[in-house]
Structure formats: C-alpha cells, structure tokens
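If you want the building blocks of each chain, they are given just below.
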Amino acid sequence: MELPPGIIFLTQRAPKITLPPLLTYLAARVLGSDSLYGYQPSWWALGVAMLASLPLAFTAAIVWDEVYIRLDAARKGAVLPPRIGDWTPGNILTLIRQVKSFERGYPGEFLEDICAQVKAGVFNNRIFFENRLVTTEPEHLKAMLGTQFDQFEKGSETRTLVYPLLGTGVFAADGKLLSFLPKLCSDASIISFSGDLWKFHRSMTRPYFTKERISDFENFDRHAEDAISQLKGRLRAGYPVDFQQDLVARFTLDSATVFLFGNDVKSLAGVLPYPHYITDIPSTERQTEEHPALRFVNAFAEAQTIMAWRLRYGYMWPLAEFWHDRIKGPMKVVHDFVDPIVAEAIKKKREGHGNVKEKEEETLLENLVNSTEDHITLRDEIMSLLVAGRDTTASGLTFVVYMLAEYPEVLRRLRAEVLEKVGRHRTPTYDDFREMKYMKAVINETMRLYPAVPFNVRASKCATVLPSKPGSQDRPMYVPANTRLPYATFVMHRRTDLWGPDAREFDPDRFLDDRLHKYLIPNPFIFIPFNAGPRICLGQQFAYHEMSFFLVKLLQQFSGISLASDAQPPQSRPPSEWAEDTSYPRKQKEKIRPKSHLTMYIEGGLWVTMEEAKDIDF
C-alpha cells in the first residue's frame, strides 16, 4: 500500500529533522561523561535543548545563506532584487494570497501589484525561506532563454512537481540523457545520443514539423468541417455553443492525434453539450460525457490545474495534500486513454518488424517506437506533445473568437480578408496564409494579451547575474545557484513601458503599423508567445496554420459572433467588482473569467452564438 504524500514528505526529510536534536543529545552525553567535564544536564533541560536545536540550526542555515549571497553578489558587482514579504514565517500569508489570486483572481494581477509596489519588473518572492525571483523583464528572458541559456534549466523542483503529469517528456526534461537510460531502454540509437534529454526529444520531433508536413491541410479540413457542421446544427436548433471546451478542444485533439500518432480519437463524435439552464436533455445525448476522449479532456484539464496549484506551494505541496494525492484520480483517466494508443503502436511495430516505412510515411509515434519500446517513456512524450499540439492551439482559437465577438470591426476586416484572399468556398492553402497579413496580426495580438502559456519557469544551475536594461546605469541582478525564476509572459505582454500607452487595448494594427518598428522590432523578447531560444516551440508554425485554417473555414460560413452571457455558468462569470476596478482597464472589460494552468483558458467555457453568412456576403 502506497503511503500518503504527507507521510512520504516527512519520511524523506526525517534525517534532516532529527539530526540537530540527535547531535544535541550526543553532545550532552559527551559533556556529561566522567572523562570530560562531568556536566550532566537535567532531562527537562536536555529536552528543551533538543527541541530548540532544530529552529536554531534552521535559523543558522538561513543566516549563513543570506550572508553568502550578499557577499557573492558584491564580488560579482551585482545587486539583489527587491524582496517582498510579510510578518509570518516563510511568508506564509503572502503564499495564501497568491493561491487565492490564482484560484479566483485575475491572471497576473497579484504580480502586477507587487511590481508597482517595488517599482521594478522583478522581485524576490521568498516563500518557505527559499528565493523565487519572479521577472517580467525582457532582458532577463533574453538571457535565460538565449544568451545565457546554458546557465539555466527547468530545475529539479519543477521536474519533480510536473512528473506525475508529464513524466520525462520534452516539457519537463533537462539533464543528461545517460541518467535516464534505465528508464528509457538500452536501445543503441538512444545510447548513441550523448546530449541532454530535452535535445533528444527535440531531435525526435523536429522532422515532423517540416513545411511539407504542416502544410498538409487535409487533416485540418476534415475535422474543421465536422466541428462547424455540429456548430451549425446546434445554433440552428436555437442553442448557444461552448466554443472552447466542446468545439475547438475537440477539433484540436482529433487533429493532433491524427498528425502526431496516426490515430483519430474521434472526440467530435460526442454530441455537443447544452447550456447549463437546459435540463430536458434527450436520453440519446446524455451519454456524451462518457465518451473516452471527452473524459480524457476533462481529466487532463483537472490534472493541469492541480499541478499549477502545486507549483505555487513548491516542494511543500504534500503538506497541503497530506492524506490524499489529488492528481492520481484524473491521471488514471488520462493514462487509461493514452496507454492503449501506446500499446497499439508497440504492437504494430513488433508485428511489422522488417517492413520499414519511408520516413515521410511514418507518424511521430511510429518514429518514437522505433527508438524505444519503453511504455512509460512513450506515454510521457505523448502527454507533452498533446499539451503542445492541442492545448495551446485550442487556447489561441478560443481567445481569438472571444476578441472577434467583442470587436465587431476586427471581425468585419478579418472576414473581408478571408473572402478576398480565399473566397467563400475554397479551401485555404499555405500560400494563402502568407498573404493574409491581418489574420496573422489578429492572432498575434490575441496571443499578446492572452498568451497560451502565460507563466513559465526556469532555475539557475549556478550563481550568475542577469543583465540590466540596455543603456541603463543599473548594475546586473544577482541570481543564487539553484534558484527558481518564474517569468510572467502575461504581465510582460501588457506593460505600457514596453508596448506603449495602449498596451492593454486589443488592436491588431499594432503588428502592422509604426508601433511594430517602435516597440517590437528593436526588442523582440517583449513578445514570446511560443517561448524563445534553443527551446522555442517547434510547433509554432503548425499552430499558426491550424488556427488560421479553422478561422478561415469559420468566417467563410459565419458573419457575426456574439457572446451568450446567459449560457455562461453563473459561478464562472466575472465578479461585478471587476467592472469597477479602474486600475486594470483590461480586467474592467472582461465578459469572461480567464484562468490558467499549464495553458490559458476560460473558466466555464466560451459560450457564443453566431450568425450564418448570407449569399449576399460574397
């Protein structure tokens, strides 16, 4: 029987916890021996000394760490970032506020408040006596993701926290491949790879994101037609549709599983759910929630939320889930869905041994199976690729449609471009997208305000410094070794000092007019929706094409989009006080509640109605 998380946590730390009292006891015994001083403390005094030894040793370690960091920073000519805190040990009150903000607040608002308070784009959010340097500075991101890439990694704490969800997949991978060989296998093609594990993953996936492969739109076309057909049917029946969870999440899942694994999971075969106020659902449609792919989607989202919650607690999360591991339930559903796909791929390889496919005909999963038959390794890679291939694109499409509903003039201009470049009925091509400048601007502006991965993290391998702003007289910022550095893309993308006074406004023209040359081109690291540097997302062009393709097909057939606020579940609507908060203009305007786990999403879904285009439109 497996022990609860809290018991495992305490057991693992038992040596450190018991060492100071044990040393105190041994010291008292030695001092009390006849051969030395003969001092024999009373049992109550010995007990008090043993109890006091633990906090004293802990305090001494903290003080020494503080002194060492300050001395090392001075040696490197660097400064320490502003530190926030409260009166509680380990800044527990600050942590509670952060968790509350994550659960019910507006994304990034807590961080923005702190940045305004310390008058800097970086601060030390020291939780449980451990440094966490949170940054929104593009120069820091340029260093961590690019120029000083080798000094940073995902970090052991992050790898441990995300392991139940992503294992050793590419999103969580760091370290030398050889350290993972017992888990991978003894396959010669793997052993011959001497680089880091993340490089191994990328070397396996890069060939499947070539122009030829990502320009094959038959997969997109088939699933887009299916999704839009269901959308039309439900709208014609007089019901709004959850565009996020019930439409594009299925479209991107089915498209991703075909593209990556050659296995269409057919989540679009499930009937679209009705709004929350519809109770008289036909019995023939009630079984839709039991569709395996839909159960996977819901469980995967739940597991990501739990993981994001744990990341805020760091290594102390087991104390908050002392008796019950919350992620086990949803991950069982996830594994039950993914495991048969992996098993089938391994079985096909073994049965077809010797019948080698041409590289162009292989799916990514088939190529992975040719490198290793280790079931867990393959499952880990699938999980990471599904996040990259499904969740990010679904997030982007959801927020684009949200913006089109809120900005009818943008919708009109985008649809005019679609009809001009592609027409009402033709299927778009790769060359069409190269000509659709406004489409790219709308997608970019949406990802600027609502990046698919709004928050990310790195950790320092060694003590180093991060550069100050170019042209500034400020000294560089000191980063201690083994320090987590969360970075808030969501906040950086909205900074008025980086994007101009209208940074919080939705305006796709900023990617077409002189603002592009004024802000972005001189400082490209202010816009990193797909990350940057050696670990930049391999599938970014795939994502652009998939989003563009679906939007073309959608706007060929619909001329108007409106939010259906009454269909939005009451508990997921933005609270009334948001509309009164003049300090956050974007928050004031929200008609939905944006949230994030690994990726950004809308709580309760994006419920919309759409107007079908009339023939006169063309």
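The coordinates are above.
Residues numbered from 1 in each chain as written. Predicted model: local features only at pLDDT ≥ 70, side-chain atom pairs only at ≥ 80, totals over all residues. Heavy atoms only, no water.

Colleague: Help me understand the overall build of the chain, please; the structure alone is not making it clear to me.
Modeller: Assigned secondary structure in the chain consists of 26 helices and 13 strands. Split into buried and exposed, the 618 residues of the chain put 54% on the buried side. For the chain, the accessible surface area stands at approximately 28,100 Å², while carbon and sulfur atoms represent 57% of it. (Helix = DSSP H or I, 4+ residues; strand = E, 2+ residues; numbered from the N terminus. Buried < 20%, exposed > 50% of the residue type's maximum accessible area, 1.4 Å probe, protein only. Areas by Shrake-Rupley, 256 points an atom, 1.4 Å probe, with all protein chains shown as cover.)

Colleague: Any chance you could explain the nonpolar core here in plain terms?
Modeller: Soluble, globular proteins show a tendency: their nonpolar side chains are buried together. Of all hydrophobic cores here, the largest spans 115 residues; its most connected members are Phe243, Phe296, Leu404, Phe550 and Met610. Counting residues per element, this core draws most heavily on helix α18 (residues 375-406), which supplies 15 residues. Ignoring any residue separated from it by four or fewer positions in sequence, one finds Phe243 in contact with Val248, Leu397, Thr398, Val401, Phe550, Leu554, Leu606, Val608 and Met610. One finds Val122, Leu141, Met477 and Trp499 within the second-largest nonpolar core, a separate group that totals 26 residues. (Core = buried A, V, L, I, M, F, W, Y, C linked by side-chain atoms within 4.5 Å. Contact = heavy atoms within 4.5 Å.)

Colleague: Please clarify how helix α19 (residues 408-421) should be interpreted in this entry.
Modeller: Spacing of three or four residues puts side chains on the same side of an α-helix, whose turn is 3.6 residues. Its 14 residues place the ends of α19 20 Å apart at the C-alpha level, agreeing with the 20 Å of an ideal helix rising 1.5 Å per residue. Turning to α19, its buried residues are Val410, Leu411, Leu414, Arg415, Glu417, Val418 and Leu419. Looking at the buried side of α19, the elements it contacts are α18, α20 (430-435), α21 (437-449), α25 (540-557) and β10 (558-563). Note on α19: the residue one or two positions beyond its end, Gly423, has a positive phi of about 95 degrees. (Expected span 1.5 Å × (residues − 1).)

Colleague: When you look at a nonpolar patch on the surface in this model, what are you seeing that I'm missing?
Modeller: A surface patch of nonpolar side chains, amounting to about 500 Å² of accessible area, comprises Val63, Trp64, Val67, Tyr68 and Leu71. Mapped onto the elements of the fold, Val63 is located in helix α3 (residues 43-75). Classification of Val63 as partly exposed rests on a relative accessible area of 45%. (Patch = residues over 30% accessible without salt bridge, like charges linked within 9 Å, V, L, I, M, F, W, Y side chains within 5 Å. Salt bridge = Lys/Arg side-chain N within 4 Å of Asp/Glu carboxyl O.)

Colleague: Please clarify how the packing of aromatic side chains should be interpreted in this entry.
Modeller: Aromatic rings in a pair are described by how distant their centres are and how their planes are angled relative to each other. Counted under the stated rule, the structure contains 25 aromatic pairs. The structure contains a cluster of three or more aromatic residues connected by ring pairs, namely Phe217, Phe220, Phe259, Phe433, Phe542 and Phe549. Of note, Arg326 hangs over the ring of Trp309, and the distance from its end group to the ring centre comes to 4.9 Å. Sitting above the plane of the Tyr450 ring, Arg494 keeps its charged end 5.2 Å from the centroid. (Phe/Tyr/Trp six-rings, centres within 6.5 Å; stacked < 30°, edge-to-face > 60°. Lys NZ or Arg CZ within 6 Å of the ring centre and 35° of its normal.)

Colleague: Is there a simple way to explain the pairing of strand β2 (residues 122-125) in this structure?
Modeller: Both faces of the sheet carry side chains from a regular strand, because those side chains alternate between them. Alternating positions in β2 separate into two faces, Val122 and Asn124 on one and Phe123 and Asn125 on the other, with burial throughout. When strand β1 (residues 83-84) meets β2, the two strands line up parallel, connected through two bridges. The partner of Arg83 across the bridge, within β2, is Asn124. Direction of pairing for β2 relative to strand β3 (residues 133-135): antiparallel, over a ladder of three bridges. If you follow Val122 over to β3, its bridge partner there is Thr135. (Pairing = 2+ DSSP bridges.)

Colleague: Would you take a moment to explain the pairing of strand β6 (residues 455-460) for this structure?
Modeller: Within β6, five of the six residues are buried, which leaves it mostly tucked inside the rest of the structure. By the bridge criterion, two bridges tie strand β4 (residues 152-153) to β6 in an arrangement that is antiparallel. Its bridge partner lying in β6, Phe152 is registered against Ser460. Direction of pairing for β6 relative to strand β9 (residues 484-488): antiparallel, over a ladder of five bridges. Considered in β9, the bridge of Ala459 is made with Arg484.

Colleague: Any chance you could explain the pattern of salt bridges here in plain terms?
Modeller: Any two side chains of opposite charge can pair, so long as their charged atoms come close to each other. Summed over the entire model, instances satisfying the criterion amount to 36 salt bridges. In this structure, the salt-bridge partner of Lys587 is Glu109, at a minimum N-O distance of 2.9 Å. In this pair, Lys587 sits in helix α26 (residues 585-589) while Glu109 sits in helix α5 (residues 109-118), placing the two residues 478 residues apart along the sequence. For Lys587, a relative accessible area of 5% puts it in the buried group. One salt bridge connects Asp497 with Arg495, and the closest N-O pair in it is separated by 2.6 Å. Using a relative accessible area of 11% as the deciding quantity, one classes Arg495 as buried. When salt bridges that share partners are traced, they join Glu445, Arg448, Asp502, Asp507, Arg510, Asp513 and Arg515 into one network.

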